[in-house]
Amino acid sequence: MNDIFPFLKNLTSASGLSGYETHVAEIIKEKWFPLVDEIQVSQVGSLHGVKRGKSDKPQLSILIATHMDAIGLMVTNIDDGFLSFTSIGGVDPRVLPGQPVYVHASGKKSKDHKPLPGRVVQPSNFLLPPEMTSAVVPIERLIIDTGLTSKQVIELVQVGDLVSFAQEPLALSGETIAAHSLDNRAAVAALTICLEELQTMIHRWDVWAVATVQEEIGLVGAYTSTFQIRPSLAIVVDTTWAKGPGSDDWNTFPMGQGPTFLFGPNIHPKLHGTFKDLAEKLEIPFKIEITGRHSGTDAFATQVVAEGIPTMAICIPIRYMHTPVEVATIKDIQRTGRLLAQFISQLDDDYMKSIELE
Amino acid sequence: MKELIRTLTETFSPSGYEHAIRSTIRGMIEPFADEIKEDAMGNLIARKGERTKNGKRVMLAGHMDEIGLMASHIDEKGFIRFTGIGGINLQTLFGGRVKFINGVQGMIGGEPITDISHSLVINQLFIDVGADNEKDCPIKVGDVAAFERPFVDLGKRVMAKAMDDRVGCAVMVEALKRFKKSPHEIFFVFTTQEEVGLRGAGTSAFGIDPEIGISLDVTRTGDTPKAKKMAVTLGDGPAIKIKDGGMLADIRIVNWMIRVAEKNKIPFQREILEGGTTDAKAIQVSRSGVPAGCISIPCRYVHSPSEMVDIDDVENSTRLLSSLMEDPIEL
Amino acid sequence: MAQTTSLSKKQIQIIERLSNAMAISGDEGEVRKIILDETSPYTSSHKIDSLGNLLIEIKGKGRNRVKVMLAAHMDEVGFMISTDEGDGIYRFETSGGIDLRQLPGKAVMVGKDHFPGVIGARPIHLTSAKERKETIPLSSLRIDLGPGMKSIKPGDGATFGTRFQQIGQSMMGKALDDRLGVGILIDLIKDPPPNIDLQFAFTVQEETGLRGARVAAFSFDPDLAFVIDSTPANDLPTWDGEENHNYNCRLGEGPAIYRADGASFSDPRLVRLTEETAIKEKIPYQFRQPGGGGTDAGSIHTQRSGIPSISISIPGRYAHTAAGLARISDYLNTLKLLKATLKSIPANILEQERK
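Residues numbered from 1 in each chain as written. Chains lettered and ligands numbered in written order. Predicted model: local features only at pLDDT ≥ 70, side-chain atom pairs only at ≥ 80, totals over all residues.

### A short note on the sheet that holds strand β6 (residues 106-110) of chain C
All names here are of chain C.
And then number 1: Strand order in the closed barrel made by the 6 strands is β4-β5-β8-β7-β6-β9, with antiparallel pairing throughout.
And then number 2: Sheet topology places strand β4 (residues 78-84) next to strand β5 (residues 89-95); 6 bridges connect them, and they run antiparallel. Bridge pairing links Asp84 to Tyr90 in β5. (Pairing = 2+ DSSP bridges. Helix = DSSP H or I, 4+ residues; strand = E, 2+ residues; numbered from the N terminus.)

### Looking at the interface of chain A and chain B
And then number 1: Tallying the contact residues gives 22 residues for chain A and 18 residues for chain B.
And then number 2: Elements represented by at least two residues in the side of chain A that touches chain B include exactly β4 (72-79), β5 (82-88) and α5 (220-229) of chain A.
And then number 3: For the side of chain A that touches chain B, the element with the highest residue contribution is α5(A), accounting for 5 residues.
And then number 4: Looking at the side of chain A that touches chain B residue by residue, the classes come out as 8 nonpolar, 13 polar and 1 charged. (Contact = placed C-beta atoms within 7 Å. Nonpolar A, V, L, I, M, F, W, Y, C, P; charged D, E, K, R; others polar.)

### Considering the interface of chain B and chain C
And then number 1: Opposite the 21 residues of chain B that make contact, chain C presents 20 residues.
And then number 2: When contributions to the side of chain B that touches chain C are tallied by element, the ones reaching two or more residues are β4 (68-74), β5 (80-85) and α4 (199-208) of chain B.
And then number 3: Here the element with the most residues in the side of chain B that touches chain C is α4(B); it accounts for 5 residues.

### As for the domain arrangement of chain C
Residue and element names in this part refer to chain C.
And then number 1: According to the domain assignment, chain C consists of domain 1 (9-76 + 174-351) and domain 2 (78-160).
And then number 2: Here the C-alpha centroids of domain 1 and domain 2 sit 31 Å apart.
And then number 3: Facing 11 residues of domain 1, the contacting portion of domain 2 comprises 13 residues. (Domains from an automatic or database assignment.)

### Digging into the domain arrangement of chain B
Residue and element names in this part refer to chain B.
And then number 1: Domain boundaries assigned for chain B yield domain 1 (2-66 + 161-326) and domain 2 (68-147).
And then number 2: Distance from the C-alpha centre of domain 1 to the C-alpha centre of domain 2: 30 Å.
And then number 3: Taken residue by residue, the interface counts 13 residues in domain 1 and 12 residues in domain 2.
And then number 4: The class makeup of the residues in the side of domain 1 that touches domain 2 is 6 nonpolar, 4 polar and 3 charged.

### Side note on the sheet that holds strand β15 (residues 269-272) of chain B
The pairing of strands in a sheet happens through backbone hydrogen bonds and is either parallel or antiparallel.
Residues and elements named next belong to chain B.
And then number 1: Read across the open sheet, the 8 strands follow the order β1-β2-β12-β3-β13-β16-β14-β15; overall the sheet is mixed. Two strands bound the open sheet, and with one partner strand each, they are β1 (35-38) and β15. On average, each strand axis in the sheet is inclined to that of its neighbour by 25°, with strand direction left out of account.
And then number 2: Across 7 bridges, strand β3 (residues 57-63) lies against strand β12 (residues 185-191) in parallel orientation. (Axes fitted to C-alpha atoms, helices over the stretch in contact; angles between N-to-C directions.)

### A word on the packing of helix α1 (residues 2-9) of chain B against helix α3 (residues 163-178) of chain B
Each packed pair of helices is defined by two parameters, the angle between the axes and the distance between the axes.
Residues and elements named next belong to chain B.
And then number 1: Remark: α1 packs on α3, axes separated minimally by 9 Å, with the N-to-C direction vectors making an angle of 135°. Here α1 lies oblique to α3, going by the angle between them. Crossing geometry of α1 relative to α3 is assigned as right-handed. Of the residues in α3, those in contact with Leu4, Ile5, Leu8 and Thr9 of α1 are Met163, Arg166, Val167, Cys169, Ala170, Val173 and Glu174.
And then number 2: Of the residues belonging to the contact of α1 with α3, the class tally is 8 nonpolar, 1 polar and 2 charged. (Parallel < 35°, antiparallel > 145°, perpendicular 65-115°, else oblique. Left-handed = near helix turned anticlockwise from the far one by under 90°.)

Here it is in structure tokens:
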């Protein structure tokens, strides 16, 4: 496997739930440090890395946003040692029963403890309301068992503690990876590849690599980082639904045949056109993804910040999105990273004028 | 404190039409503020304190508006059809008393309703002000009303309409009055139009450009019969918000609030609210982002005409806010 | 009712061109072009921002001028081609809010060249009684452009194929929401009130979330905003003969002033000014019923530190369908009221308390 795999494995093993991204931010910061000129953290925790370009004109800048937060769970109640919980971001309760998780305990006695391993448990039918017999058990009725005694739990766990999926990343056949949070750590990996490629390329524009927070909870990082940086262009890299079992409709895309380029009102049509032409020239495979209104990505935010920013979104197809076993190909991640670097290196001082709308 | 809450809750100011409560609060705080102004959205903004070298610019937000109703049609017989302002709970309307901003009083009646959960139920309700026909009706389309319920002192508990969020405003007014000294520049913002989408908070945050944002609002409790499980109980102290339906409080703010509460021996609870959010969400996403959190006053029967809070919770919320403002804030 | 002068032939032609043009959210170029054709003799410059908003400023004369933003949206509800299934058959998504029950059996036009097409439906002979009780889902509907169609691809826009008609004192056509508003602003550019600075925003993507107006307002940073849209007139008889108390507004009763809709409260000072102007100038007017819906004012008024705004709409029946209906008198009275109100804005209007 390519050398992005260890980084990706590291990324997808770290917790970094929406609102609590510090662990994964540390890993990304360490990786990006040698690749950029300067790294800052925004007021709400987004990571901004800037690699300055060669142009001496009033600086033209491109922002590339990949959200680093992931969905997960949070403890809402402790009853006789069993933990009730809610979701952070969109979690389908049907994937939860039997899932291995980590409880990130923050109680008084938890100072030196590593995260507590636990399991999501579906109580037996007779412990649930009659209408839930053999039906989907909603999230409010599921519980987490850490295996500890009630007394131990009270000392270690508090309401508000985070719970992340404990599924370890797996290398599947055909250079694919199965892990939780490939949405959106696969995109972070692609952006990292882009930064690595740029080390040996000349580019005129400033490049802002941004790992945004809280995309899953209202695009908080995207709105605020874009406002702070005010780039000339914004490119958002996220994931999309790959074709696979249970997922074969018109808006799903084959895994392993390149990223998708989004098109629709959320996307600047000429910026989209540039990517399309470039990918064709470089013979990088891609598919066009039509999005009617909300692209479902940080692009929904970047486009309407301040006076408006020409925005493009590129997505890496992954299977089983928002489950702990998302699957993606390394190839698609590499292609995306390379394409970004190529796009950046061909940006000249006249590009903005060339994409003006009539 | 009880009298303060009484005065605030018995004022009629639904979202968009907050002039009465704004005027009342302004009268109370003018002698205590360093500077006071009203902005284009009607927010009341009072500045207190000077920012020292390591101090911060802090924005506190409590919303002045309450949920209400607006007349949408007067029919030939003088019955008034209406639409809701903010999150109206349809089950609390039937048989309720209302009062319009122009002073006219009435009650909410309804056509025979077979299915209370149907979304069009509001079309089957009407307000009766005792008029015989449209001409004699003292209300016209566009007139605004709120629930009418007097404040009641139950001893340890008090109840009234519009505790959400007049009790948050009360905490802020009281904290401003008790203000001694602080290393920070603090903006006490009494916001408008929270109930219809946090509109006042977003615009005032843009204008103030704070470094820290804290909202003062109410939250639900899990302590009534068969209530949805929630780890907040009336009387157990102010709730420090960790998460609600719209936002995740900044963990640094949460930890800071807990530190200060423990240091000052103020009881507190940890809050996760499923459904509902506060002005803090709008502050958090303003401009380049603001670390934001919320002190919640536990409240039963939110968005009903009789919301109930514990007076010790209110006093402890005020103590917590005052202690936070005096603290140097190292996040 | 006040005597209204009639719409000139030229004005009708402009409205006709606008109504027949295709501009779904995100693809408003055709309407932008029409506006520029009509207005460039009257303006010295214009700007098109990165979302496609057309921004035109006209400065006034005199001191202490208030900066007023005027907004009307260029986009209409429509469709976007999503998949080419071959043989001229295309799958599509809706763009903006359209009731699916309005789609079967309609003529459409597709793409920049306005290729004619149809949204068909299964022949009744092949349906069961049970099936006929269910709305045909979007997943079953297709646009048929005829076999051999090669130039249409996913991403291309489509709208209803309705051609505009003047019928006596009424106008019937698609996209009257909000081409009528666009027409009003064009008329204003040709005869602007001189006492204020005018910032015209022909906005994009209103139907998909009031998005264009948001950035236009941030750019302009006006003192006030007036939004001209079209609002549904649901003034038909009720099913049981009871009084209709959800009419929203009524055709023929003049411009509909908003107090509150689902996205904003009109600033009470602007509402008062507009109503007083209507009474003084004897212009017929009505108040739109409060609640529901939303206009560009929803995103304008929350920009920066807040921008006092008001929405005034031309009543239109059957919005978001193949053919809407509006009265010429309502168009004229809206234009009259807007002009007169803008002329009467006092320089110190924002010093009054907001109540």
